[in-house]
Every structure is written in structure tokens, then in C-alpha cells.
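# Descriptive analysis of the structure
What follows is each chain in one-letter form.
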Amino acid sequence: MRSSGIMSANASPKFGPTENSWNSGGASLMVPNSSPKRASSNLSSHSLVGEEEEVLVFVEPPNKKLFCRICDQVFRDPVIVACGHTYCRPCVQNRVDGTCPVDDQKLVVMVANIAVSEQIGELMIHCKYGCSYDEASHTYIVDTTRCPVTVKLHTRKDHELDCDYMPVECPNNAGCPLLLKKDLEDHLRSCNNVNCPHQRYSCDFMGTQEELEDHLKVCKFESMKDFLQRTDERINDMQMHMNQKVQEIEFLRSMLGRLSERLENMEKSVDMKLGVVEHNQNKIMEEIIDNQRDISAMTEEIGQINNRINLGATAGAYDPISIFKCKGTFVGHLGPVWCLCASGDFLFSGSTDKTIKVWDTSSNYKCVKTMEGHSGIVLALCTWGNKLFSGSQDCNIIVWNMDTYESSHLIKAHDNPVCTLVAAKNMLFSGSLKVIRVYDVHTYELKQELTGLNHWVRALAATQDYLFSGSYQTVKVWDINSLTCLRDLETSGGSVYSIAITNHHIVCGTYENCIHVWELSSFKQLETLMGHSGTVYALAVLHTAYGTKVFSASYDRSLRVWSMDNMICTQTLVRHQGSVACLAVSRGRIFSGAVDSTVKVWQ
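Rules used in this analysis
Residues numbered from 1 in each chain as written. Predicted model: local features only at pLDDT ≥ 70, side-chain atom pairs only at ≥ 80, totals over all residues. Heavy atoms only, no water. Pairing = 2+ DSSP bridges. Helix = DSSP H or I, 4+ residues; strand = E, 2+ residues; numbered from the N terminus. Axes fitted to C-alpha atoms, helices over the stretch in contact; angles between N-to-C directions. pLDDT = per-residue confidence, 0-100. Contact = heavy atoms within 4.5 Å. Phe/Tyr/Trp six-rings, centres within 6.5 Å; stacked < 30°, edge-to-face > 60°. Buried < 20%, exposed > 50% of the residue type's maximum accessible area, 1.4 Å probe, protein only. Arc of directions from axis to C-beta. UniProt positions renumbered as here; feature names shortened; annotations may be inferred. Disulfide = S-S within 2.5 Å. Patch = residues over 30% accessible without salt bridge, like charges linked within 9 Å, V, L, I, M, F, W, Y side chains within 5 Å. Areas by Shrake-Rupley, 256 points an atom, 1.4 Å probe, with all protein chains shown as cover. Salt bridge = Lys/Arg side-chain N within 4 Å of Asp/Glu carboxyl O. Lys, Arg positive; Asp, Glu negative; His and termini not counted. Charge placed at Lys NZ, Arg CZ, Asp CG, Glu CD. Core = buried A, V, L, I, M, F, W, Y, C linked by side-chain atoms within 4.5 Å. Polar contact = N/O pair within 3.5 Å; in protein donor to acceptor, adjacent residues only side chain to side chain.

### Considering the sheet that holds strand β38 (residues 589-594)
Taken together, the four strands give an open sheet; going across it, the order is β14-β39-β38-β37, and neighbouring strands pair in antiparallel fashion. At either end of the open sheet lies a strand with only one pairing partner, and these are β14 (326-331) and β37 (580-586). Averaged over all pairs of adjacent strands, the angle between strand axes in this sheet comes to 20°, irrespective of strand direction. Sheet topology note: the β14/strand β39 (residues 598-602) ladder contains five bridges and is antiparallel. From the neighbouring strand, glycine 328 faces β39, where its bridge partner is valine 601.

### Some thoughts on the confidence of the model for the chain
Across the chain, the average pLDDT comes to 84, with 86% of residues at or above 70. In this model, residues 1-42 is a region of pLDDT below 50 whose contacts with residues beyond four sequence positions or in other chains number 117 contacts. Per-residue pLDDT stays below 50 along residues 308-320; that stretch engages in eight contacts with residues further than four places along the chain or on separate chains.

### Some details on the packing of aromatic side chains
The full count for this structure, using the stated rule, is nine aromatic pairs. Ring plane angle 75° and centroid distance 5.0 Å describe the contact between phenylalanine 330 and tryptophan 359, whose orientation is recorded as edge-to-face. A residue pair is termed long-range when its members are at least 10 positions apart, and phenylalanine 330 in strand β14 and tryptophan 359 in strand β17 (residues 355-360) qualify at 29 residues. Overall, the relative accessible area of 2% leaves tryptophan 359 in the buried class. An aromatic cluster of three or more residues is present, and its members are Phe330, Trp359 and Phe591.

### So, helix α2 (residues 114-121)
Listed in full, the buried residues belonging to α2 are Val116, Ile120 and Gly121. Taken end-on, α2 shows its buried residues confined to a sector of 140°, consistent with a single buried face. Facing away from the buried surface of α2 by more than 90 degrees, the exposed residues are Ile114 and Glu118. Among the structural elements, β3 (78-81) and β9 (150-152) are those in contact with the buried residues of α2.

### Some details on the UniProt feature "domain: RING-type" (unreviewed entry) in the chain
With numbering aligned to this structure, UniProt lists the feature "domain: RING-type" (unreviewed entry) at residues 68-104. Between the end C-alpha atoms of residues 68-104 there is a gap of 16 Å, over a span that is 16% helix and 19% strand.

### Regarding the pairing of strand β22 (residues 406-412)
Judged from the six bridges that link them, strand β21 (residues 396-401) and β22 form a sheet pairing that is antiparallel. The residue of β22 that forms the bridge with tryptophan 400 is serine 407. Between the end of β21 and the start of β22, which pair antiparallel, lie four residues, with tyrosine 405 showing a positive phi angle near 60°.

### Remarks on unusual backbone geometry
For tyrosine 444, which is not glycine, the phi dihedral falls at a positive 65°. Within the secondary structure, tyrosine 444 sits in the loop between β25 (435-440) and β26 (446-450). Backbone geometry at asparagine 513 places phi at a positive 80°, although glycine is not the residue there. Tracing the backbone through its elements, the reader meets asparagine 513 in the loop between β30 (505-510) and β31 (515-519). Asparagine 513 gets classed as partly exposed once you look at its relative accessible area, which sits at 23%.

### With respect to the state of the cysteines
Structurally, a disulfide amounts to a covalent bond that connects the sulfur atoms of two cysteines. With the rule as written, the count across this model stands at zero disulfides. Sulfur of cysteine 163: no disulfide; nearest cysteine sulfur belongs to cysteine 147 and is 3.6 Å away.

### Remarks on the sheet that holds strand β4 (residues 86-88)
Pairing is antiparallel in the open sheet, where three strands are placed in the order β4-β3-β5. Each edge of the open sheet is held by one strand with a lone partner, namely β4 and β5 (109-112). Looking at each pair of strands side by side, their axes are set apart by 45° on average, direction ignored. Both β3 and β5 contribute to a ladder of three bridges, which runs antiparallel. Residue pairing in the sheet places valine 81 in a bridge with valine 109 of β5.

### Side note on a negative patch on the surface
Judged by side-chain charge, Glu210, Glu211, Glu213 and Asp214 come together as a negatively charged surface patch. Inspection of the secondary structure assignment puts glutamate 211 in helix α5 (residues 209-218). The exposure class assigned to glutamate 211 is partly exposed, which follows from its relative accessible area of 43%.

### Observations concerning the nonpolar core
With 22 residues, the main nonpolar core has Cys68, Tyr87 and Ile120 as its most contacted residues. Listing elements by their share of this core, those giving two or more residues are β3, β4, α1 (89-94) and α2. Cysteine 68 has contacts with Gln73, Phe75, Tyr87, Cys88 and Cys91, leaving out every residue within four places of it along the chain. Residues Tyr129, Cys176, Leu180 and Phe221 belong to the second largest nonpolar core, which totals 20 residues.

### Examining a nonpolar patch on the surface
On the surface, Val108, Met110 and Val111 cluster together into a nonpolar patch covering about 270 Å² of accessible area. Within the fold, valine 111 resides in strand β5.

### Examining the side chain of histidine 414
Here histidine 414 shows up in the loop between β22 and β23 (420-424). A distance of 2.7 Å separates polar atoms of two side chains, one belonging to histidine 414 and the other to serine 430. Contact partners of histidine 414, with chain neighbours within four places excluded, come to Cys395, Ser430, Gly431, Ser432, Val435 and Arg437.

### Side note on the environment of asparagine 173
Here asparagine 173 is to be found in the loop between β10 (167-168) and β11 (179-180). Remark: the alpha-carbon pair of asparagine 173 and methionine 206, spanning 33 residues in sequence, is separated by 9.3 Å.

Here is the structure:
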């Protein structure tokens, strides 16, 4: 028996039926998505229909009323349009002129045509595993040697998911040919590709079922299977326990985010209420002044009250402890922000999206330019004069003109990613794996290589006299004029990720959450600051009227403010939704970049 069918006009004989083709005027429709996987099978590539192929071979030709007038094929997802006609939803959406071919009205989908859908669903079709591809007619036809079942179109999956003629793979080995589901059991009894049940423990046995029984008598893993099973169960229990802990951590982070949001709302509410209080206070002052003109006998008493009110109004303006608040957010990067650099009213940020964005910080925090040039993540930024230097995972340094925001030079800097940059004394210092390279900031000529470093150089800082570099549990102090190493400052807590220099201190942040502080003049270690629960990625120094403050940014999504007068944390700032990776200081403000792809400004 062979059902008649007409192949779609754009079908190619070379590759079989076109993907997602529906035929009109015949009994067979086909929507193949992929060819059978096993060319090595003794069955031809079209003798078996793959699981993902949608083949429609109707038992009887469909009624012409069930054909779309646009594509002249059986309706696919029929919809009623505004003019009352019914078409396929894809035909309506993809029609070029967007008008009805019958009355030239604009095609606007009103509602799905459920009645037509139900009629199409009731049509009888052959199981797709009872059909094969005919090269002569380029369509699928009924194959009497295969599945004889016919089903309604809307119930086909119930049968085809369990059809005995469905092509399946041998579970033992990818080298076995494709099989019909009904033949799988017989095949497994004679399959030569049976693996040892202990294969995941590196047993490489492969053979027949009978050979497997002999193998298990001598397999070294068989004697340990009880121990291995208990070990797997313990591993699964530990994994489950770890997943529970991860869920608990995510829940706590979510709660922390909600608390931060509530705190922010409370701050806004307090600010509004303080504004109302200030307004009312001004009104009271005006009334008191008016009353002074009329009541001369109470002038002295009112004057004393007025002085107390004035003192109360101004006392709040003096706050011996600086409280920093988030004043804005820069949004625009498509990936984590790994480095920041400020110059005047402009802030530069480098990201995983391989770009550098320029932000105007004077008023509106708008992005004024996006600079592209690197082929890898932008990891480091620094400035010298009107030049911006950017280091990247692509191992290069690009020199940018800050007046035009155009690249002017490319330095092939390292054999590994450029982790950090700093400029001082007409020299550009770049840190990478176990090396610091020194370039002339004007000619970009390589002047010297500083070696003897034990790991990645992720942090550099410079003063007029010294260059400081951080690697694994070490901060090296270099003479910036002779470029010789003067001493090593030993740290704990793994690799050094950040270094900052104040007027009196050397400060470094480490992988294991701690911040070390040394005296700059004597290199004597003074303190180890604890508080973060993650790697200290960045440090920045801000000089205020109330003393020197050091800001630290961490993997734990927070910033901390440290008073260098008494070495204590005076504030914790939690507003980012990801690890805080970098900091920059400009005009009394702190800028922080994070894995959440944003930059926030604090003041």
C-alpha cells in the first residue's frame, strides 16, 4: 500500500524533504528536523524515521476546506483574522504585504480557530514509524513492512512514544547500529559491547553477556562493590547536603537584599520627614521673629529661645563620623565590571564585555562613549596625562587618547593576561604571571623586566619613592628609581589581590578575607583588619575632614569603610548584587564596580 502525496516545490532531491515542509493537495505531509544519526547502520538513512522528525501521511486526503489559502497547505495553528478568514498563524506573521489575499484587509490575529484545530486533530494518519522516504517522489510513503498502526493526529504521540518500530540505540556502545525497539531485547543477548557494571571506576572490559559473567569472577572492583556503593551513597548524601547549604545561602542573600531595600526605603522616608521638619522649623522661626516686634517685654526670653533653636538647627550639620550613601548607579555594561579609573569629571570602566565605557560624573552619570579594541576581558586601567592605558586578558595594552577617546597605540605586553597597571615617574608598570614589565609612557619602549615574583602579580601601587607589587603571600617593595627590590613584606591569607598607600600606611587585601597594614616609614606591620567574608579584591584611599578612610571591596558583595586613626570599620555598604571587584576615587566620591555589571557612586 502506498499513500499518494505531492512533494513541496522547494524540496531538494539531494537532501530529502525540506525542513518543516507541509504539502497541499495530497495525503502526505512531512516536517523532518534531522536525519537518522547512524550512517553505519545496515538500514539506509531514510529507511528509519528519527524521533525528532515529524512526518504526516494521511490515511485519506484531507478536505480542501482544511487548507490555508496563503500557503495552500493543511492549516498549522489556524487563527481567525479581523476580516473573518482563517489562515495559519505562521502565514499571517510572515506575510510580506500583511494583507488578506481574499479582501485585501489588514491581517490582524483575533483568536485561535479551535473548531478547525479540532477537525485537523481528528484526521487519521499513519504512525511515522510505519513510513519510509521515497527517493523517486521525494516524499514519505507507507511501508507495509513496518508499523501498521493508524491514529488520530492529536493522539499520535501517545502511540509513537512507545512504538515497537521506533529506532533506538544500543545502551551498551555507540558503535552498535540503530535498532528497532522490538529487536532491542534480542540484540542485548548477543551484543559484543556489554560493559562491566564497574566501568565508571575505570574498568575497561567489553564483551558479550556470557563473557561478562566470567569477567565479574575476577574483576577487582566486584569484590569492592559494597564499599564502592557505600562510598557513592555518602558522596550523594554530601552532595545533597551541600545543595541544601547552597539553597540556604541563596535564601539568606535574598533576605539580605530585601533588608537592604527596606533600609533604603526607610532612609528615603527619614529624609522626607526631615525635610518636613526643617520646613516647619523655618515657619516657627518666622513666627517668633514677628512676635518679637510686638512683644517688647519678652524680647530677651524670645532671643534666648531663638538662640537655642538656631543651635539645634545647625548642630546636626556637624557630624564627626562620615556616613557614606549610594548616590547613583551606572548601568550599561553587558558583563561584570573588573576595573575602574577616574580622571577629572570622567570615569572609565572595563568589563567582561571587552569594552571600556566613559561616564560623565559631573551631573547625570551618563555614558558618553564606548571604546572597543580588546579581544578579551578588560582587567586593568590607569592614566598618565591625557593618555588612558588598558590591560586585557588578550595579553595586550592599548593606549587611548582621552581627548578623542580613540586608540593610538597597541603594546603586545605579555605572554599571559595583563592583571594590573600603574603609571609613575614617566614609566608604565604592568603585572602578569611572575613578571612586571616596565615601559616608557611616551615611547612605549620596554625598559626593564622585574622578575623573582612567585605567582600572578594582581596588585601594583606606586609613590614618588617606591613601587609596591603583590603576589602569593608577599608584597615586594621596589626602589622606583633603580628598579631594585628593597625588601619583602610577608603576608598571610594567600595571594595579594589589592594594595593601597596612604600618607602613613601600606595596606593590602588578600584572597583569604584579611587586610594587612604596615607603617610606611618603617615597614613594620601594625595590624590585620578582619571583617570581610570573601576575597578583598580592591582598596582605595579617601582623605576627609575627619581623617583618612580606606575603602575595601570584597567577594562578599560589600564595601567596608575603615578609619586609619583607630583601625576600625566604621561602616559597611551593601548595595551590589554581586561581588565588588574594583574601586576608584574622584572629587571626594568613591566609585565601585561589581560582577552585577553596574558601577555605583558613594558620597
